[in-house]
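Spelled out, the chains give:
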Amino acid sequence: MSGAVCPLNELCDVAHAHGALTFIDEVHAVGLYGKEGAGIGERDGQLAKMDLISGTLGKAVGSYGGYIAGGDAVVDLLRSYAPGFIFTTSLPPPVLEASRASIQILRSEEGLRLRMLHENIVSMTRRRLLEEGMSVMLSPSHIVPVKVGDPEKCAALSQRLLERHRIYVQSINFPTVARKEERLRIAPTPHHTTAMVEQLVQALRQEWVAVGLQLNKDYDRSAFEKAELQARRIFPKANAEVPCEAS
């Protein structure tokens, strides 16, 4: 719930050094990272080290269902012995066709542009929230968690944003996170505009003060820049300049 990304290269090296297989969950990264949208493994050039990958046809793909990818032997093992696969039915053909069409878009130049646009919108959201004094938890991904640290105030913020501003932001409370770690979990999309981001920021600032939380505009800019670099979509290094909102 913090948008963390594992040190993939190092973990794969350690696993293989001790004769272990690597199982990588790319569910939250498929479509959002890498030149063709394959996930963090593609972005970081680590696909060859990933023995088994799980992904989804929901979330960024916009359909439903899921998949695994791996070597013939391990895939055949799961196909033969995994009850969750054996005792289920196949996805309907229209769903599969919609998924395939979506994946084709995500792998295309259009998908690449959407990922770069998404990166800019997320960066803008994170920066503006920090500038207005909200306690943003810096994450190396597209998730923008805002720590509240109080379950009642966290739930109240979510409710007030919905009722007063027609903005839905999920509140995350115990047991999903530890007590005193309650937070709002903001997930901007490439189709959110600069105006929408500013609307969110001003609404959250207003309700933040209304529920009795303190603002702190003295944020660590170097830590922010480091998180921004880690959150790059296509390659770990800086991307080409792209428009900051959808046309």
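The structure presented is a predicted model; accordingly, all values stated were derived computationally and were not measured.

Caption draft 1: Fine view of the packing of helix α7 (residues 151–165) against helix α8 (residues 194–210). Between α7 and α8, whose axes approach to 10 Å, the crossing angle comes to 125 degrees. Between α7 and α8, the angle falls in the class oblique. α8 is crossed by α7, and the crossing has right-handed handedness. Here Leu 157, Arg 160, Leu 161, Arg 164 and His 165 of α7 lie close against α8, whose contacting residues are Gln 199, Ala 203, Leu 204, Gln 206, Glu 207, Trp 208 and Ala 210. Grouping the constituent residues of the contact of α7 with α8 by class yields six nonpolar, three polar and three charged.

Caption draft 2: Inspection of the sheet that holds strand β4 (residues 144–147) at higher detail. With antiparallel pairing, the three strands of this open sheet are ordered in space as β4-β6-β5. Because the sheet does not close on itself, it has two edges, and the strands there are β4 and β5 (170–172). Across the sheet, the mean angle from the axis of one strand to that of its neighbour is 30 degrees, orientation sign disregarded. Alignment of β5 against strand β6 (residues 183–186), held across three bridges, turns out to be antiparallel. Counterpart to Ser 171 in the pairing with β6 is Leu 184. Against the sheet, helix α6 (residues 109–131) engages β4 and β6, with an angle of about 15 degrees to β4. Lying over the sheet, α7 contacts β5 and β6, oriented at roughly 175 degrees with respect to β5.

About the thresholds
Numbers given for residues are sequential positions, taken from 1 along each chain in its written order. Where local features are concerned, this predicted model is filtered to residues with pLDDT of at least 70; where side-chain atom pairs are given and counted, the filter is 80 or more; whole-chain, interface and lining totals use all residues. Note: side-chain values were computed over all heavy atoms of the structure, leaving out hydrogens and water. Angular values range over 0 to 180 degrees, each being the angle between N-to-C directions of two axes fitted as lines to C-alpha atoms, with helices fitted over their stretch in contact. Working definition: helices are DSSP H or I runs of at least four residues, strands are E runs of at least two. Numbering for both runs from the N terminus. If an angle is under 35 degrees, it is roughly parallel; if it is over 145, roughly antiparallel; if it lies from 65 to 115, roughly perpendicular; otherwise it is oblique. Note on convention: the crossing is left-handed when the near helix lies turned anticlockwise from the far helix by less than a right angle, right-handed when the turn is clockwise. Pairs of residues are marked as contacts when any of their non-hydrogen atoms sit within 4.5 Å. Residues are sorted three ways: Asp, Glu, Lys and Arg are charged, Ala, Val, Leu, Ile, Met, Phe, Trp, Tyr, Cys and Pro are nonpolar, and all the rest, Gly among them, are polar. Strands are labelled as partners when DSSP assigns at least two bridges between them.

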